[in-house]
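# Structural overview for review
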There are 2 protein chains.
Amino acid sequence: MSNRITNFGAGPSALPEEVLIEAGKGLLNFQNTGIGIAEISHRSPEFDKFIREVEENMRTLLQIPHGYKVLFTQGGGTAQFSAVVMNMLAKYRSREGMASDQPIMDYVVTGSWSEKAMKEAKRLGGGTVNVVVNAQTTSVDGKKIFNHIPNHDSYKEKFSQDPALVYYCANETIDGVEFSDDLNSPFSFPFNALPEKAPLVADYSSSFMSRPIPCIERHAVIYAGAQKNIGPAGLTVIIVRDEWANVMDSSIPLYLSYKTLVDSRSLHNTPPVLSIYITGLVLKRMLEVGEQNGKAKEQALGHYAECAYRKASKLYAAIKEGEARGIFKVGGEERLKEFVSGADRRGMKGIKGHRSVGAGIRISLYNAVTEDKVDELIRYMKEFA
Amino acid sequence: MSNRITNFGAGPSALPEEVLIEAGKGLLNFQNTGIGIAEISHRSPEFDKFIREVEENMRTLLQIPHGYKVLFTQGGGTAQFSAVVMNMLAKYRSREGMASDQPIMDYVVTGSWSEKAMKEAKRLGGGTVNVVVNAQTTSVDGKKIFNHIPNHDSYKEKFSQDPALVYYCANETIDGVEFSDDLNSPFSFPFNALPEKAPLVADYSSSFMSRPIPCIERHAVIYAGAQKNIGPAGLTVIIVRDEWANVMDSSIPLYLSYKTLVDSRSLHNTPPVLSIYITGLVLKRMLEVGEQNGKAKEQALGHYAECAYRKASKLYAAIKEGEARGIFKVGGEERLKEFVSGADRRGMKGIKGHRSVGAGIRISLYNAVTEDKVDELIRYMKEFA
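About the criteria used
- Residues numbered from 1 in each chain as written.
- Chains lettered and ligands numbered in written order.
- Predicted model: local features only at pLDDT ≥ 70, side-chain atom pairs only at ≥ 80, totals over all residues.
- Heavy atoms only, no water.
- Helix = DSSP H or I, 4+ residues; strand = E, 2+ residues; numbered from the N terminus.
- Rg over C-alpha atoms; globule rule 2.2 N^0.38 Å.
- Buried < 20%, exposed > 50% of the residue type's maximum accessible area, 1.4 Å probe, protein only.
- Contact = heavy atoms within 4.5 Å.
- Areas by Shrake-Rupley, 256 points an atom, 1.4 Å probe, with all protein chains shown as cover.
- Lys, Arg positive; Asp, Glu negative; His and termini not counted.
- Charge placed at Lys NZ, Arg CZ, Asp CG, Glu CD.
- Least-squares fit on C-alpha atoms with pLDDT ≥ 70 in both.
- Expected span 1.5 Å × (residues − 1).
- Buried area = accessible area lost by both parts, 1.4 Å probe.
- Salt bridge = Lys/Arg side-chain N within 4 Å of Asp/Glu carboxyl O.
- Polar contact = N/O pair within 3.5 Å; in protein donor to acceptor, adjacent residues only side chain to side chain.
- Pairing = 2+ DSSP bridges.
- Axes fitted to C-alpha atoms, helices over the stretch in contact; angles between N-to-C directions.
- Phe/Tyr/Trp six-rings, centres within 6.5 Å; stacked < 30°, edge-to-face > 60°.
- Parallel < 35°, antiparallel > 145°, perpendicular 65-115°, else oblique.
- Left-handed = near helix turned anticlockwise from the far one by under 90°.
- Core = buried A, V, L, I, M, F, W, Y, C linked by side-chain atoms within 4.5 Å.
- Domains from an automatic or database assignment.

### Points about the overall build of chain A
- When helices and strands are tallied, chain A shows nine helices and 13 strands.
- Scaling as 2.2 N^0.38, a compact globule of 385 residues should have a C-alpha radius of gyration of about 21 Å, and chain A matches this with 22 Å.
- Dimensions along the principal axes, computed over C-alpha positions, put chain A at roughly 65 × 60 × 35 Å.
- In chain A, which comprises 385 residues, the proportion classed as buried is 59%.
- Long-range contacts, defined here as pairs at least 24 residues apart, represent 67% of the contacts in chain A between residues at least 6 apart.
- Here chain A displays about 16000 Å² of accessible surface, and carbon together with sulfur accounts for 49% of that area.
- Of the side chains in chain A, 46 bear a positive and 45 a negative charge, and the two mean positions are spaced by 3 Å.

Encoded structure:
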């Protein structure tokens with residue numbers, strides 16, 4: 001498909017072309033049932049088998065431990081901002097010998113998404129929000145920005161003793177900062193500083209399925225929208241440890257209840273069948289690509305992590321070189337526009353920054369952005385210089 | 001596509017083949033942008049233009065009056081069971097000179113879906129549920145069933161004077177009953193019995209876009225999942241009168257707030273882009289098919305209503321004939337199985353009844369089930385006899 005351009009956008013993001021071609025066939029005829037995937041009953045044996053395979057492949061790729069459920073729902077991160085609060089508070093209230101009538105929710109704020117989540121917890125009430133750290137800072141031109149991950153020292157004695165939840169966002173797409181997945185780095189999430197039983201909640205929307213999740217067994221809830229690495233918008237994946245999904249009360253709307261999802265195996269009502277289908281095709285392909293690169297199934301994500309590392313390193317090197325030669329930082333608005341429109345003409349799109357942080361360049365290297373596409377971008381950057 | 005079978009299922013249901021072929025192309029390249037529809041930014045000018053056209057075409061087809069918003073969201077009817085209660089109660093509480101501290105919500109229960117909605121309102125609390133009528137009855141073999149729409153007399157003096165909402169479901173797919181759209185019929189919704197200012201909420205999930213909505217201007221909220229006539233599961237459409245979508249408070253999770261959707265024009269977070277796309281293609285096609293059948297744009301739905309009427313009449317006539325000859329009612333379990341598997345072999349699927357009401361045959365005639373498919377089914381029925 002020579003007319004396909006390269007999508008460096010932050011999301012929805014590029015998907016593998018092979019998958020899109022197969023999905024087009026599935027729209028007309030899902031696995032030789034004679035019915036398209038968007039038309040088939042979600043209670044048909046064919047779809048049931050399919051969704052179980054999607055779950056199984058996700059478990060294999062992420063090495064999800066026993067005792068966790070994988071749930072499929074809708075509403076994206078925004079729905080989960082509220083859902084985690086409602087479900088975790090209900091669980092907290094259900095405990096015998098509850099430590100406090102006003103549960104505390106610990107939020108680690110490192111960017112726009114975790115800030116939104118924290119604000120939703122405050123707005124909903126039902127507990128007190130404790131901002132463990134807030135990495136917001138003021139830029140040289142006086143703007144409030146997020147531009148760094150605080151180091152481990154910043155969390156000292158900041159976590160609550162018996163919180164209803166501890167919340168963080170693994171990767172902040174708007175601001176371009178993420179926790180290191182090297183646990184020895186002071187910029188990884190401070191798992192060791194957490195009180196032993198504190199239920200940890202992570203928004204993994206933008207790095208989901210790009211690399212293994214560090215300390216996955218330390219989490220109570222991990223959620224992610226599909227629209228970055230694995231599928232079309234409209235599917236939200238929740239990975240929840242059993243004990244955090246067994247309480248329901250009248251404070252939780254039916255659709256946001258984890259227990260409802262667990263009890264119905266994600267089929268309480270019609271799931272987003274088409275998004276699940278494409279996600280399933282992507283995961284299957286990830287396992288195949290892993291295998292082609294000599295990885296066992298359990299290690300297939302490692303291949304993608306290595307690719308991501310290579311792509312990012314190349315790009316950073318090129319940016320550094322560019323900076324050293326005064327291309328990017330000094331350029332100003334006009335030069336920026338010129339750079340973006342030049343990229344556009346060369347079929348490289350989505351490199352403009354998020355509307356909420358104003359101008360600037362943002363390049364997202366999701367799984368489906370292949371290494372040769374990055375090389376192409378770098379060639380253009382050098383040419384532009 | 002000779003390998004496509006006919007889907008008589010109650011939902012997700014058949015979609016027009018032409019649309020599915022076009023959607024397959026759009027997956028790879030949306031409107032010559034070089035980016036697939038599942039990959040393109042929902043904030044791109046191309047998608048923005050597209051979603052506005054979807055809204056415009058929906059407004060034209062349904063003749064939605066001024067003063068209403070058309071919203072696109074996720075979560076299906078189940079999310080709306082809670083959302084309508086939360087939004088309408090917040091609105092009620094916001095009124096000056098509020099009539100009562102414990103608002104009353106009137107539910108008209110004519111089948112399994114409205115019963116579920118009513119139970120969710122009860123479970124959530126925040127108001128008192130008044131079941132205006134409950135059409136549940138006991139079958140000859142002692143089962144609780146819904147099998148009829150109560151006549152207008154049944155509602156006399158049953159509606160509350162100042163309810164926070166009045167709720168009904170236009171078409172109950174599980175039980176196979178629906179309100180007549182002939183306002184002169186005693187089995188239409190009793191619009192005239194409603195207190196003048198009572199805000200009316202309708203679940204139109206299964207008949208949405210199969211015919212015009214009677215007394216559309218009398219409704220405060222109409223909602224529908226896309227997965228019956230217009231698109232894949234994963235998209236929910238809400239039509240709401242402005243005054244019922246201008247209040248937000250801490251009782252409403254961000255994602256379920258109508259005001260949030262209105263303020264962001266349905267783009268508060270990433271919408272289900274792919275489902276909106278296919279819905280857009282279906283609506284465009286409906287306008288074209290209407291035109292081919294001599295209908296003005298505003299009358300295009302009339303064409304589908306006429307088709308639906310013809311298809312249903314044919315089928316009812318055939319069933320009556322079958323009953324008269326003792327085929328269907330007397331058959332019993334074995335005969336039923338034989339009928340279903342015979343249909344299956346002939347490429348006609350989805351005719352088994354809903355799991356929650358046990359056995360039986362259910363045939364759904366959504367827009368994409370064409371008249372000749374119904375003829376084929378009738379031929380088989382006669383053969384089977």
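Still more to cover.
### Quick look at the relation of the copies chain A and chain B
- Superposing chain A onto chain B requires a rotation of 180° together with a translation of 0.0 Å along the rotation axis, leaving an RMSD of 0.0 Å. Between the two chains, the operation in question is that of a two-fold axis. Residue G24 of chain A, judged by its C-alpha, is the member of chain A lying nearest the rotation axis, at 2.0 Å.
- Comparing interface residues between copies, 100% of those in chain A also sit at the interface in chain B, which points to an isologous, same-surface contact.

### Quick notes on helix α3 (residues 76-94) of chain A
- Here α3 of chain A spans 27 Å end to end across 19 residues, near enough to the 27 Å set by a 1.5 Å rise per residue.
- Along α3 of chain A, 17 of the 19 residues are buried, which leaves the element largely enclosed by surrounding structure.

### What about the environment of P103 of chain B?
All names here are of chain B.
- Inspection of the secondary structure assignment puts P103 in the loop between α3 (76-94) and β3 (104-109).
- Classification of P103 as buried rests on a relative accessible area of 3%.
- When the C-alpha atoms of P103 and D162 are compared, they prove to be 8.1 Å apart, with 59 residues separating the residues in sequence.
- Among residues more than four places away in sequence, those in contact with P103 are L89, Y92, G126, G127, T128 and A164.

### Things to note about the interface of chain A and chain B
- Chain A puts 60 residues into the contact, and the matching count from chain B is 60 residues.
- When chain A packs against chain B, the two sides together hide about 4700 Å² of surface, and 60% of this comes from carbon and sulfur.
- Looking only at chain A, the three residues that lose the most surface to chain B are L28, E39 and R123 of chain A, adding up to 14% of its buried area.
- Where chain A packs against chain B, one counts two salt bridges.
- As a salt-bridge pair, R4 of chain B and E39 of chain A come within 2.6 Å of each other at their nearest N and O atoms.
- At the boundary of chain A and chain B, one finds 24 residue pairs in polar contact (both at pLDDT 80 or more).

### Concerning the sheet that holds strand β4 (residues 128-134) of chain B
Residue and element names in this part refer to chain B.
- Strand order in the open sheet formed by seven strands is β2-β12-β11-β10-β7-β3-β4, with mixed pairing between adjacent strands. Edge positions in the sheet fall to β2 (68-73) and β4, since each of these pairs with one other strand and no more. Pairwise comparison of adjacent strand axes, ignoring direction, gives a mean angle of 20° for this sheet.
- With six bridges joining them, β3 and β4 adopt parallel strand pairing. Its bridge partner being in β4, I104 is matched across the sheet by T128.
- Each of β2 and β12 (236-241) is contacted by helix α2 (residues 45-62), which is oriented at about 130° to β2, the strand it contacts most.
- With respect to the sheet, α3 is in contact with β2, β3, β7 (165-169), β10 (200-203), β11 (219-225) and β12, its orientation differing from that of β11 by roughly 160°.

### Some remarks on the pattern of salt bridges
- Under the counting rule described, the total for this entry stands at 49 salt bridges over all chains.
- Where D162 of chain B meets R95 of chain B, a salt bridge forms, and the shortest distance between an N and an O atom there is 2.9 Å. With D162 of chain B in the loop between β6 (144-146) and β7 and R95 of chain B in the loop between α3 and β3, this residue pair connects regions lying 67 residues apart in the sequence.
- With a relative accessible area of 27%, D162 of chain B lands in the partly exposed category.
- One salt bridge connects R211 of chain B with E178 of chain B, and the closest N-O pair in it is separated by 2.7 Å. Of this pair, R211 of chain B sits in the loop between β10 and β11 while E178 of chain B sits in strand β9 (residues 177-178), and the two are 33 residues apart along the sequence.
- Connected through salt bridges with shared partners, the residues D48, R52, E55 and R59 of chain A form a single ionic network.

### Here's the deal with the packing of aromatic side chains
Residues and elements named next belong to chain A.
- Using the criterion set out here, one finds 26 aromatic pairs over all chains in the structure.
- Between F339 and F384 the ring centres are 5.0 Å apart and the planes differ by 80°, which places this aromatic pair in the edge-to-face class. Of this pair, F339 sits in helix α8 (residues 332-345) while F384 sits in helix α9 (residues 371-384), placing them 45 residues apart in sequence.
- Residue F384 is classed as buried on the basis of its relative accessible area, which comes to 14%.
- By the ring-pair criterion, three or more aromatic residues cluster together here, those being Y155, F159, Y168, F179, F189 and F191.

### Observations concerning the sheet that holds strand β12 (residues 236-241) of chain A
Residue and element names in this part refer to chain A.
- Pairing in this open sheet of seven strands is mixed, and the strands run β2-β12-β11-β10-β7-β3-β4 from one edge to the other. Of all strands in the sheet, those bounded by a partner on one side alone are β2 (68-73) and β4 (128-134). Within this sheet the neighbouring strands show an average axis-to-axis angle of 20°, counted without direction.
- Looking at chain direction, strand β10 (residues 200-203) and strand β11 (residues 219-225) are connected through four bridges and run parallel. Considered in β11, the bridge of D203 is made with Y223.
- Along the sheet, α3 contacts β2, β3 (104-109), β7 (165-169), β10, β11 and β12; its crossing angle with β11, the most-contacted strand, is approximately 160°.

### Some details on helix α6 (residues 273-292) of chain A
- Compared with an ideal rise of 1.5 Å per residue, which puts 20 residues at 28 Å, α6 of chain A spans 29 Å between its outermost C-alpha atoms and is within 8% of the ideal.
- Taken across its 20 residues, α6 of chain A has 15 buried, putting it largely inside the fold.

### What to know about the side chain of N367 of chain A
All names here are of chain A.
- Relative to the helices and strands, N367 is located in the loop between β13 (348-349) and α9.
- A relative accessible area of 13% places N367 in the buried class.
- A distance of 2.7 Å separates a polar side-chain atom of N367 from the backbone oxygen of M209.
- If we skip the residues at most four places from it in the chain, N367 touches M209, S210, N229, M286, Y304 and K311.

### A closer look at the packing of helix α1 (residues 17-28) of chain B against helix α6 (residues 273-292) of chain B
Residues and elements named next belong to chain B.
- Two numbers describe how α1 lies on α6: the axes approach to 10 Å, and their chain directions differ by 140°. Relative to α6, α1 is oriented oblique. For α1 against α6, the interelement crossing comes out right-handed. Contacts between α1 and α6 involve E18, V19, E22, A23, G26 and L27 from the first element and L274, Y277, I278, L281, V282 and R285 from the second.

### Some remarks on the nonpolar core
- Among the nonpolar cores identified, the biggest contains 136 residues, and F208 of chain A together with F208 of chain B are the most heavily contacted of them.
- F208 of chain B has contacts with M58, L62, I213, A224, N229, I230, V237 and I239 of chain B, leaving out every residue within four places of it along the chain.
- Counting residues in hydrophobic clusters, the runner-up holds 78 residues, among them A121 and V262 of chain A together with L124 and A245 of chain B.

### Some remarks on the domain arrangement of chain A
All names here are of chain A.
- Examined at the domain level, chain A breaks down into domain 1 (49-280) and domain 2 (298-384).
- Relative placement of domain 1 and domain 2: their C-alpha centres are 28 Å apart.
- In this assembly, 14 residues from domain 1 lie in contact with eleven residues from domain 2.
- Both sides together, the interface formed by domain 1 and domain 2 hides about 1100 Å², and carbon and sulfur atoms give 58% of it.
- Looking only at domain 1, the three residues that lose the most surface to domain 2 are L61, I174 and N229, adding up to 39% of its buried area.
- Taken together, the links from domain 1 to domain 2 amount to zero salt bridges.
- On the surface where domain 1 and domain 2 come into contact, there are four residue pairs in polar contact (both at pLDDT 80 or more).

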